[in-house]
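# Working through the structure, step by step
Here is how the chains run, residue by residue.
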Amino acid sequence: MAQTDSGGVSYTKADAGYFEKRHLQRYAGIWSLWALGVGAVISGHFSGWNFGFGTGGWGGVLVAGIIIAIMYLGLVFCIAEMSPALPHTGAAYSFGRTAMGPWGGFITGLCENVEYVVTPAVIAFFIGSYLGGIFQTSAAMAPIWWIVTYVIFLALNVFGVALSFRVTLIVTILSLAVLIIFWFSAIPNMDFSRWALNIGAGPDGAAVELPEGNGPMFPFGLSGVLATLPFAVWLFLAIEQLPLAAEESVDPKRDMPKGIILGMLRSSYRRS
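A few points on the structure. (Residues numbered from 1 in each chain as written. Predicted model: local features only at pLDDT ≥ 70, side-chain atom pairs only at ≥ 80, totals over all residues. Heavy atoms only, no water.)

## What about the overall build of the protein?
Basically, it comes down to this: What counts as a helix is a DSSP run of H or I of at least four residues, what counts as a strand is a run of E of at least two, and both are numbered from the N terminus. Only protein chains enter the accessibility calculation, which uses a 1.4 Å probe; a residue whose area is less than 20% of its type maximum is buried, one above 50% is exposed, and one in between is partly exposed. The contact criterion used is simple: two residues touch if any of their non-hydrogen atoms lie within 4.5 Å. Calculation of accessible area relied on Shrake-Rupley with a 1.4 Å probe; when residues are assessed, cover is drawn exclusively from the protein chains displayed.
Helices and strands together make up the secondary structure of the protein, namely nine helices and four strands. Per-residue burial for the protein yields a buried fraction of 38% across its 272 residues. Put simply, 70% of the contacts in the protein that link residues at least 6 apart link residues at least 24 apart. Summed over its atoms, the accessible surface of the protein is roughly 15400 Å², and 71% of this surface lies on carbon and sulfur atoms.

## Concerning the packing of aromatic side chains
Stated precisely, the cut-off is as follows: Any Phe, Tyr or Trp ring, taking Trp's six-membered ring, that has another such ring centre within 6.5 Å forms a pair; planes under 30 degrees apart are called stacked, those over 60 apart edge-to-face, and the others tilted.
Here the structure, examined in full by the defined rule, presents 10 aromatic pairs. Here Phe126 and Trp234 contribute two aromatic rings whose centre-to-centre distance is 5.9 Å and whose plane-to-plane angle is 75 degrees, an arrangement assigned as edge-to-face. Of this pair, Phe126 sits in helix α4 (residues 92-135) while Trp234 sits in the loop between α8 (221-232) and α9 (252-271), and the two are 108 residues apart along the sequence. For the residue pair Phe126 and Trp234, the accessibility class agrees, reading buried in each case. What links up through ring pairs into an aromatic cluster is the set Phe51, Phe125, Phe126, Trp146, Phe231 and Trp234.

## A closer look at helix α3 (residues 53-85)
Let me state the cut-off plainly: Here the expected length of a helix is defined as 1.5 Å per residue gap, with one fewer gap than residues. Bending is quantified residue by residue as the angle between axes fitted to the seven-residue window ending at that residue and the seven-residue window starting at it.
Look at α3: only 40 Å from first C-alpha to last across 33 residues, short of the 48 Å you get at 1.5 Å a residue. Of all the bends in α3, the greatest measures close to 80 degrees and is centred on Gly59.

## A look at the nonpolar core
What counts here: To form a nonpolar core, buried Ala, Val, Leu, Ile, Met, Phe, Trp, Tyr and Cys residues must be joined to one another through side-chain atoms within 4.5 Å.
Residues Tyr72, Phe236, Ile239, Leu242, Ile260 and Met264 are the most contacted members of the largest nonpolar core, which totals 23 residues. Secondary-structure elements contributing two or more residues to this core are α2 (30-46), α3, α4 and α9. In terms of residues, this core owes the most to one element, α3, which gives six residues. Ile239 has contacts with Gly37, Val41, Tyr72, Val76, Ile79, Ile260, Gly263 and Met264, leaving out every residue within four places of it along the chain. Judged by nonpolar contacts, the second largest core, of six residues, contains Ala35, Val38, Ile42 and Leu176.

## Topic: unusual backbone geometry
At Gln136, a position not held by glycine, the phi torsion is positive, near 55 degrees. Residue placement: Gln136 occurs in the loop between α4 and α5 (142-158). On the basis of relative accessibility, which here comes to 68%, the residue Gln136 falls in the exposed class. Phi is positive for Asn214, which is not a glycine, with a value near 60 degrees. One can find Asn214 in the loop between β4 (207-209) and α8. Judged by its relative accessible area of 58%, Asn214 falls in the exposed class.

## Section: the packing of α3 against α8
Note the following rule: To obtain each axis, a line is fitted to C-alpha atoms, and for helices this fit is confined to the stretch in contact; angles are then taken between N-to-C directions over 0 to 180 degrees. Each crossing is labelled by how the near helix is turned from the far one, with a counterclockwise turn of less than a right angle marking it left-handed and a clockwise turn marking it right-handed. In the scheme used here, Gly and all other residues not listed as nonpolar or charged are polar, with Ala, Val, Leu, Ile, Met, Phe, Trp, Tyr, Cys and Pro taken as nonpolar and Asp, Glu, Lys and Arg as charged.
Packing of α3 against α8 brings their axes to within 8 Å, and their N-to-C directions diverge by 65 degrees. Like other packed secondary-structure pairs, α3 and α8 cross with a definite hand, here right-handed. Contact residues: Thr55, Gly56, Gly60, Val61, Val63, Ala64, Gly65, Ile67 and Ile68 in α3; Gly224, Val225, Ala227, Thr228, Leu229, Phe231 and Ala232 in α8. Counted by class, the contact of α3 with α8 contains 10 nonpolar, six polar and no charged residues.

## Some details on the side chain of Thr149
Position of Thr149 among the secondary structure elements: in helix α5. With relative accessibility at 7%, the residue Thr149 sits in the buried group. With sequence-adjacent residues up to four places away left out, Thr149 is seen in contact with Ala124, Ile127 and Leu131.

## What about a nonpolar patch on the surface?
For the record, the criterion: Residues with no salt bridge and a relative accessible area higher than 30% make up the patches, which join like charges within 9 Å and nonpolar side chains (Val, Leu, Ile, Met, Phe, Trp, Tyr) within 5 Å. In what follows, salt bridge is the name for a side-chain nitrogen of Lys or Arg lying within 4 Å of a carboxyl oxygen of Asp or Glu.
Residues Leu62, Ile66, Ile70, Phe192, Met217 and Phe218 make up a contiguous nonpolar surface patch of roughly 520 Å² in combined accessible area. With three residues, the single largest contributor to the nonpolar patch is α3. As for its placement among the helices and strands, Leu62 is situated in helix α3.

## Some points on α4
Think of an α-helix as 3.6 residues a turn; residues three or four steps apart then line up on the same face. Between the first and last C-alpha of α4 there are merely 40 Å, a value that for 44 residues lags more than 12% behind the 64 Å anticipated at 1.5 Å per step. The largest bend in α4 amounts to roughly 150 degrees and is located at Met100, with the proline Pro102 lying one to four residues further along. Positive phi appears at Gln136, one or two residues downstream of α4, with a value of about 55 degrees.

Rendered as C-alpha cells:
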C-alpha cells in the first residue's frame, strides 16, 4: 500500500482485494431506488411543510413550494449526473472531495451527517405524535414512541440492505395509498376560500385563524414567502440522500439517474 499527501491529508492507496472484502451487496434496481427516494421524501408530506401556513399563508406556501421545487430540480439533475460518475457510498462527501479536495469533502460530509442525524429524529417525533394520537397516550409517553420508532429504523438498516429496501417499498406504497385516499375523501368538502384562505395577520403580526375564511392569499407579503422557504423544503427534503445507495445499486450508471429523477417527479406531482 502506497501513501500520498494531498492538502495536508495523508492517503493510503489500498489494493483491489481490500475493497472486494468490504464492498456492499448490490440489490437496488430502478424501482427500489425510486421507493427509497420517495420514501425519504414522503414523511415531509404528512408533517413539516404545514407549519408554513403560520408564516406565509396559503399563497406563501404555494410560492415557496414552487421556488424550492425549482431549486431541488436543479440539485436532482446535478446529482443524477454525478452519482453514476462517482458511485460511492459517501455521495455528497465524495462529490465535495473530488471537486474541492479533502477539506472540502470533510466539511460537506460533516454537514450531511448533521442533516441525516437530525432528520430521522424529527421524523421519529412526528410518527410518535401520530401514534400518541391514535392510541390516546399521554404526553409523558411521547419519548417511548420516539425511541421505539428510532430503534425500528436502525434495525431495518442493520439487518441488511435487502430487508431495508423491501420495507421501504412497502411503506412507500402504503403511504401513497393513504395520501390518495385522503385526497379523494377531501374532494366533497373542498371550499378554497374557507379552508385555504383561513390565515390572517393579527395585531402583533402573528398568524391568526379566520373562522370564516376569506382571508388574503399572502397575509404576510413577500417576507412571509421568504419565512416559509424552510418549511417548503420538507416537500422534497432527503431525496438528495439517494446517491448514498449508489454502491448498493445493481447498475449505478443506468439505475441511479432514473431512480432519482422519477422520485423527484413523483414528489413534485404529490405537491401539485
